[in-house]
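Spelled out, the chains give:
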Amino acid sequence: HHQWHFGGDRELELDFLLASQGGGFWRLAEGRVQKWKGNRLERDLGTYPWDRVAVTAACEDREGNLLVGTRGSGVYWYDAKGHATNLSTQQGLSYNYILSLLIDREGNLWVGTDGGGLNRVKRPVFEVFEASRGQVVQSVAEDANRGIWVGYNGGGIDHWRDGLLERFGPNQGLI
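Attention in this report is confined to the structure presented alongside it. The residue count restarts for each chain, going from 1 along the sequence in the order it is written. Only residues with pLDDT of 70 or above have their local features reported here, since the model is predicted, and side-chain atom pairs are shown and tallied only from 80 upward, although totals for entire chains, interfaces and linings are computed over all residues. Water and hydrogen atoms play no part in the side-chain values, which are based on all heavy atoms of the structure.

Some words on the side chain of Gln34
- Helix and strand assignments follow DSSP, with helices taken as H or I runs no shorter than four residues and strands as E runs no shorter than two, numbered in order from the N terminus. Tracing the backbone through its elements, the reader meets Gln34 in strand 4 (residues 32–37).
- For Gln34, a relative accessible area of 8% translates into the label buried.
- Here a polar contact is taken to be a pair of N or O atoms separated by no more than 3.5 Å, where protein atoms must pair a possible hydrogen donor with a possible acceptor and residues adjacent in sequence count only if both atoms sit in side chains. Separated by 3.0 Å, the side chains of Gln34 and Trp36 make a polar contact. Any residue under 20% of the maximum accessible area for its type is buried, any over 50% is exposed, and the rest in between are partly exposed; the area is computed with a 1.4 Å probe on protein chains only.

Topic: the packing of aromatic side chains
- Between rings of Phe, Tyr and Trp, where Trp is taken as its six-membered ring, a pair exists when centres lie within 6.5 Å; planes separated by under 30 degrees are stacked, by over 60 edge-to-face, and by other angles tilted. Per the counting criterion, the structure on display carries 4 aromatic pairs.
- Both rings, one in Tyr48 and one in Trp50, keep their centres 4.6 Å apart while their planes meet at 25°; by these two values the pair is stacked. Trp50 carries the same exposure label as Tyr48, and that label is buried.
- Taken together, Tyr48, Trp50 and Tyr76 form an aromatic cluster joined through their ring pairs.

Some details on the environment of Arg27
- Looking at where Arg27 falls in the secondary structure, it is placed in strand 3 (residues 25–29).
- Along the primary structure Arg27 and Asp44 are separated by 17 residues, whereas in three dimensions their C-alpha atoms are 9.7 Å apart.

All quantities given are derived from atomic positions and should not be read as evidence of function.
Okay, structure coming up:
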């Protein structure tokens, strides 16, 4: 903790200060996460979700959202609405003691830990095609109209185009 004078007689207990890509700065002080521009409070994300654990690192993602690394409680990644998601050993992080954070050009988060090595956190870049969940997919092909054909092991064929799904099975004459 550092004691800072921000005008007047009052001392502020400051845990972390981070310059923001969009101007201004993130101020983690007196148990609150706030974004300031000059002496004007721009956003208040509320009290620390990590309780009294020390803040050891911070950075912004490519959208300007705040990430905070802690000594023992992992990483907290804020979204655009100001909600924090905790990344810790429970989510697969190698260690909860964070020393450094970096967002690379692809938007991956690199987490340097105090004894658990370097972690790379990738945001999910794929989604499961719901109609195929639980099926054995044998083949996938694109047709000339940018439709996707999906062949299942013993489960018929699906045709997916412009958000519309057509099923071909025994009822459509497929054996």
